[in-house]
Amino acid sequence: MLLGRAVERNAIDRVLESGRQGCGAALMLRGEPGVGKTALLSYAREGATGYRVLMATPVETEVDLPFAALHQLLGKELGRRVDRLPVPQATAVRAAFGLARAEHRDSFLISLGVLGLLADAADEQPALCVVDDTQWLDEPSAAVLLFVARRIENERIVLLGAIRAGEQGVFPADCVRILEVAGLDTEATDQLLASRPGPSLAPEVRDRLLDEARGNPLALIELPGRLSEAQRSGHEPLIGPLTPAARLQVAYRSQVAALDEQTRMTLLIAAAEGSGDLRTIRRAADAAGLDGGALHEAERAGVVSVTGNRVAFRHPLLRSAVYSGATPPERQATHRMLAGALERPADLDRQAWHLALAAQAPDEAAASALERSADRALERGGYGAAATALQRAAALSEHSEVRGRRMLAAAEAAWLSGAEDRALALLADPTVRTSPELQLRATGLRGRIDIRRGAFDEVLSVLLPAAEEVAGRDPVAALELLVHAEGAALFIGEKASAVRIGRLAAKLIDQGIDRASTRALRGIGLACDHDMAAAVPHLQRALRDVNQQDIDELMLAMQAAVMLGEDVRAVELPLQAARLARERGALGELPRVLQAAAFGELRLGRLSSVRIYAEEALRVADELGQESGLAICELALVAAIQGREDEARSLAAEARRRGHERRSGLLLSLSAWAIGLLELSLGQPERAEAALRLALPGGGMPSHHVVALIMSPDYVEAASRAGNEDGARDRLEAFERFVLDIPLPWGAALAAHCRGLLTGGAGAESEFRRAIDLHPIRSRPFARARSELALGQLLRRERKRREARTHLRVALEAFQRVGADPWAELARVELRATGETVASRGPGSVPDLTPQELQIARMAATGARNRQIAGELFLSPRTIDYHLRKVFTKLGISSRAELAGVHAITAGSGDV
């Protein structure tokens with residue numbers, strides 16, 4: 001019977017009812033040992049009427065075995081449901097459980113598969129996942145459960161766990177509610193003591209026990225029975241003061257110490273074995289020559305229980321007391337016997353860890369066994385477990401270079417698991433630099449980590465010199481270093497580094513490394529060195545020869561497309577990279593490729609697509625702890641164009657803060673562009689000109705050459721309207737040089753628009769008409785609408801009202817389609833000035849759809865089913881269904897087929 005606990009029971013009851021209603025949640029019970037967490041989990045299981053209950057109890061000895069806890073939780077469901085998953089997910093999950101080999105072993109593909117398994121089970125009936133002692137979760141299982149916990153708000157799934165107070169939690173408070181479990185109240189403790197059998201306690205002893213137990217139920221149950229008669233009567237003092245857990249440890253050690261040596265040694269084997277496998281414990285005990293009946297003696301003493309082939313300690317603290325009470329030589333000998341008792345191939349990982357725990361460093365045999373265990377963990381996607389095994393193998397290694405190799409491999413596995421700080425700590429080991437090969441690999445890994453962290457200055461200072469140093473002896477490795485260095489140079493906006501990278505790329509081409517990557521690097525370097533004519537052939541080769549299955553190469557080709565002004569390709573290439581990332585479950589790649597896609601859509605004026613990609617990039621980056629400043633800038637620019645002033649200023653301020661912190665010309669320039677566009681839309685050309693000037697070379701802060709180029713037309717407009725015609729003409733000349741180097745219709749259109757702003761009378765009208773004619777109909781609708789608006793304004797001032805209305809109506813409709821409200825209002829004002837009656841606001845095409853809802857609606861409109869959409873967005877099918885129902889309600893439709901008829905849903909959509 002559960003005494004008291006009204007607060008905890010109510011919390012559990014609420015979360016179970018919420019799960020029944022399809023609003024999944026995660027709840028973590030945290031408290032000291034013995035406080036009653038396991039009893040509360042039992043209460044939840046008993047109260048989970050209608051639920052499918054899945055249970056896992058991780059143990060300390062399995063904390064380094066990949067997916068051990070997940071196997072406990074889902075083992076029974078796996079066989080029945082795994083075939084219902086998409087093939088890549090099913091293969092990844094089977095690989096995690098050691099049942100298959102996966103081509104792509106990204107841990108997020110495993111996580112998505114587990115989410116799919118649970119969601120499939122929850123479709124039949126609500127699912128309750130109960131995980132006790134989460135402080136002992138193996139790292140891969142913890143990562144999967146965290147992924148699931150973030151995505152069950154629309155599922156009939158409840159995740160309920162328990163963790164010891166003071167332990168490192170694996171579930172952050174932003175996705176899991178933490179409920180502190182304190183001791184029982186006075187009434188409940190009185191009831192508990194009254195129900196305890198055995199001799200009575202003297203009143204003062206009872207009061208002292210209540211005071212020191214602090215409501216801990218286990219202490220109140222266990223400690224009275226461990227007191228001597230003199231202590232119960234009050235003639236001898238209690239040991240103290242101690243915490244309840246420490247007092248229980250003392251009591252348990254006393255209980256174990258009272259047993260005979262054969263029983264104690266058998267208990268030590270059971271404690272070291274950890275999983276409770278009776279057959280392994282008996283084989284090890286037999287090898288040690290111990291009495292086969294010792295376990296029965298331990299069971300009669302109340303230390304363990306034996307059920308079938310399982311041995312369980314009465315409480316984890318008892319197991320801890322047995323293990324910690326042994327001497328180090330006794331523990332080492334026990335692990336050695338357990339290693340010899342494990343015979344099955346499935347036990348090789350356990351055997352390796354027992355050998356490691358038995359070793360007196362260095363021990364190459366134990367280290368090799370651990371390294372093989374790490375290899376198996378890597379094959380299953382258990383990167384965190386592999387890192388731990390490799391780190392321990394390094395510590396046991398006999399030679400410094402072997403130690404360095406294993407330590408570096410541990411750092412690489414830690415990086416793949418997402419533990420960047422841990423990877424950096426492992427890279428700090430001096431043995432990692434014992435050979436040129438190790439040094440090179442370590443440098444490359446450090447660069448990749450720094451890129452994800454946003455430490456771009458450090459990336460350039462480390463990777464570029466390393467690439468220059470190694471190019472002569474290992475050009476392929478040099479190219480890999482250069483690829484990452486160029487990403488950092490792009491973010492910072494450092495043209496000098498881009499030029500250095502391009503020159504080294506030229507040498508690599510001469511050495512036979514003639515790939516799309518090297519061509520792109522060479523072309524970018526030449527462009528940054530003001531030799532666009534020489535850059536163009538290299539950039540075109542990069543676009544022509546790009547490997548469609550290589551994410552890094554696709555992203556470099558995207559930069560080539562930007563340099564060449566090929567905006568459509570500049571969107572298609574990162575979207576292809578996004579497709580690869582989704583297929584492979586490479587969630588960690590999504591932020592950078594989606595931010596690139598959003599930037600491409602921004603240049604095309606497809607603002608709804610910008611928000612879709614930027615918000616997903618921001619969401620994933622925040623979850624993974626990656627840099628997301630570019631997405632913030634993109635959202636600031638959209639907010640500026642659409643007239644959401646407070647949002648635009650707030651986002652731009654955050655981007656500016658990150659830009660200064662990271663010394664990023666890209667973020668600083670884009671944040672200035674956002675503010676400039678906002679001021680321009682608000683009719684403040686002087687403020688707009690001042691903001692945009694900051695993003696130009698010599699503007700007073702780090703600038704970015706690409707941003708300075710593409711925002712030139714906005715600066716020309718702001719400067720010309722602010723009366724700074726000289727500044728406007730200077731910027732127009734720079735932009736026209738780019739247009740001459742790469743003759744593209746949209747570039748010529750923007751140049752004509754700018755000339756129209758700086759020309760009066762018939763000349764201006766001719767330039768605006770030329771700009772409209774040159775703009776592709778389906779490309780850059782926002783820029784084209786601005787030319788229509790400018791021409792309409794000019795014609796209205798010249799009293800050509802009928803003709804002006806035609807252009808102003810086109811501008812108004814285009815601005816409304818992209819949600820550029822301030823610009824639409826400018827068009828309305830001009831139309832009213834021609835004598836036309838215009839409603840204050842036109843009807844929205846997609847009322848109030850969030851970017852995620854619009855993304856899901858677009859995918860559904862192309863015929864994608866919920867399960868396919870869920871797999872690509874790393875969500876569950878039920879979550880997709882939830883969002884689609886909201887879309888139908890907002891649009892006033894009732895079927896997926898009707899989505900294809902909503903223009904704003906399908907316009908500008910990309911297959912991502």
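Residues numbered from 1 in each chain as written. Predicted model: local features only at pLDDT ≥ 70, side-chain atom pairs only at ≥ 80, totals over all residues. Heavy atoms only, no water.

Asker: Tell me about the overall build of the protein, and please be specific about residues and values.
Answerer: Across its full length, the protein holds 47 helices and 7 strands. Along the three orthogonal principal directions, the C-alpha set of the protein runs to about 110 × 65 × 50 Å. Burial statistics for the protein: of 912 residues in total, 57% are counted as buried. Within the protein, contacts between residues at least 6 apart in sequence are counted, and of these 68% link residues at least 24 apart. Entry remark: accessible area of the protein is about 36600 Å², with carbon and sulfur atoms responsible for 50%. Considering the protein, the positive charge centre built from 113 side chains and the negative charge centre built from 120 side chains are found 3 Å apart. (Helix = DSSP H or I, 4+ residues; strand = E, 2+ residues; numbered from the N terminus. Buried < 20%, exposed > 50% of the residue type's maximum accessible area, 1.4 Å probe, protein only. Contact = heavy atoms within 4.5 Å. Areas by Shrake-Rupley, 256 points an atom, 1.4 Å probe, with all protein chains shown as cover. Lys, Arg positive; Asp, Glu negative; His and termini not counted. Charge placed at Lys NZ, Arg CZ, Asp CG, Glu CD.)

Asker: Got a sec to walk through the sheet that holds strand S3 (residues 127-131)? Specific residues and values, please.
Answerer: On the basis of which strands lie adjacent, the open sheet formed by 5 strands has the order S2-S3-S4-S1-S5 and parallel pairing. Sheet topology places strand S2 (52-56) and strand S5 (177-180) at the edges, where each strand pairs with a single neighbour. Pairwise comparison of adjacent strand axes, ignoring direction, gives a mean angle of 20° for this sheet. By the bridge criterion, 7 bridges tie strand S1 (residues 25-31) to strand S4 (residues 157-164) in an arrangement that is parallel. Across the sheet, Ala 25 pairs through a bridge with Val 158, a residue of S4. Each of S2 and S3 touches helix H3 (residues 68-81); the most contacted strand, S2, lies at about 140° to it. (Pairing = 2+ DSSP bridges. Axes fitted to C-alpha atoms, helices over the stretch in contact; angles between N-to-C directions.)

Asker: Please provide a residue-by-residue account of the pairing of S1, values included.
Answerer: Most of S1 sits inside the fold, with 5 of its 7 residues counted as buried. Looking at chain direction, S1 and S5 are connected through 4 bridges and run parallel. Residue pairing for S5: Leu 29 is matched across the bridge by Leu 179.

Asker: Tell me about the pattern of salt bridges, residues and numbers included.
Answerer: Scanning the entire structure with this criterion turns up 75 salt bridges. Across the pair Arg 644 and Glu 647 runs a salt bridge whose closest N-O atoms are separated by 2.6 Å. Residue classification places Arg 644 among the partly exposed residues on the basis of a relative accessible area of 25%. Ionic pairing is found between Arg 729 and Glu 725, a salt bridge with its closest N-O pair at 3.5 Å. Of the two residues, Arg 729 and Glu 725 both sit in helix H38 (residues 725-741), 4 residues apart, roughly one turn of that helix. One salt-bridge network, in which partners are shared between bridges, spans Arg 52, Glu 77, Arg 80, Arg 81, Arg 84, Asp 120 and Glu 124. (Salt bridge = Lys/Arg side-chain N within 4 Å of Asp/Glu carboxyl O.)

Asker: A description of a negative patch on the surface should follow, citing residues and the corresponding values.
Answerer: Together, Asp 260, Glu 261, Asp 291 and Glu 330 give the surface a local cluster of negative charge. Mapping Asp 291 onto the fold places it in the loop between helix H13 (278-287) and helix H14 (294-300). By relative accessible area, which is 47% here, Asp 291 ends up partly exposed. (Patch = residues over 30% accessible without salt bridge, like charges linked within 9 Å, V, L, I, M, F, W, Y side chains within 5 Å.)

Asker: Quick rundown of the confidence of the model for the protein? Include the residues and the values.
Answerer: When pLDDT is averaged across the protein, the result is 88; 96% of the residues are at 70 or more. The weakest mean pLDDT in the protein belongs to helix H47 (residues 903-906) at 64; the strongest belongs to S3 at 96. (pLDDT = per-residue confidence, 0-100.)

Asker: Run through unusual backbone geometry, naming residues and quoting values.
Answerer: Phi at Phe 67 takes a positive value of approximately 65°, unusual for a residue other than glycine. Note that Phe 67 resides in the loop between S2 and H3. Classification of Phe 67 as buried rests on a relative accessible area of 2%.

Asker: Please give an account of the pairing of strand S6 (residues 304-307) that cites residues and values.
Answerer: Across 4 bridges, S6 lies against strand S7 (residues 310-313) in antiparallel orientation. Opposite Ser 305, over in S7, you have Ala 312 as the bridge partner. Linking two consecutive strands that pair antiparallel, namely S6 and S7, is a turn of 2 residues; a positive phi of about 60° is found at Gly 308 within it.

Asker: Can you tell me about the side chain of Arg 828, naming the residues and giving the values?
Answerer: As for its placement among the helices and strands, Arg 828 is situated in helix H43 (residues 821-833). Among the polar contacts listed, one links the side chain of Arg 828 to the side chain of Glu 825, at a separation of 2.8 Å. (Polar contact = N/O pair within 3.5 Å; in protein donor to acceptor, adjacent residues only side chain to side chain.)

Asker: Can you lay out the environment of Glu 634 for me, pointing to particular residues and giving the numbers?
Answerer: Considering the arrangement of structural elements, one finds Glu 634 in helix H32 (residues 629-642). In this structure, the C-alpha to C-alpha distance between Glu 634 and Gln 595, residues 39 residues apart in sequence, is 8.1 Å. In this structure, Glu 634 is in contact with Gln 595, Ala 598, Phe 599, Val 610 and Ala 614, ignoring residues within four places of it in sequence.

Asker: Describe the side chain of Asn 866, listing the residues and the values that go with them.
Answerer: Note that Asn 866 resides in helix H45 (residues 866-873). Classification of Asn 866 by relative accessible area gives buried; the value is 16%. With residues near it in sequence (within four places) discarded, Asn 866 still touches Pro 877, Ile 880, Asp 881, Leu 884 and Arg 896.

Asker: Describe helix H23 (residues 456-470), with residues and values.
Answerer: Under the 1.5 Å per step criterion, the end-to-end length of H23 is 21 Å for 15 residues, consistent within 8% with the ideal 21 Å. The inward-facing, buried residues of H23 abut helix H22 (436-453), helix H24 (475-492) and helix H25 (495-510). (Expected span 1.5 Å × (residues − 1).)

Asker: Would you mind going over the packing of aromatic side chains in detail, with residue names and values included?
Answerer: Considering all chains together, one arrives at 7 aromatic pairs under this definition. Arranged with centres 5.9 Å apart and planes meeting at 65°, the rings of Phe 782 and Phe 815 form a pair that is edge-to-face. Of the two residues, Phe 782 sits in helix H41 (residues 781-797) while Phe 815 sits in helix H42 (residues 801-818), which places them 33 residues apart along the sequence. Judged on exposure class, the residue Phe 782 and its partner Phe 815 are both buried. When the centroid spacing of 5.6 Å and the interplanar angle of 85° are considered together, the rings of Phe 782 and Trp 823 count as edge-to-face. Residue Phe 782 is located in helix H41, and its partner Trp 823 is located in helix H43; the two are separated by 41 residues in the primary sequence. In this structure Phe 782 comes out as buried when scored by relative accessible area, which is 8%. (Phe/Tyr/Trp six-rings, centres within 6.5 Å; stacked < 30°, edge-to-face > 60°.)

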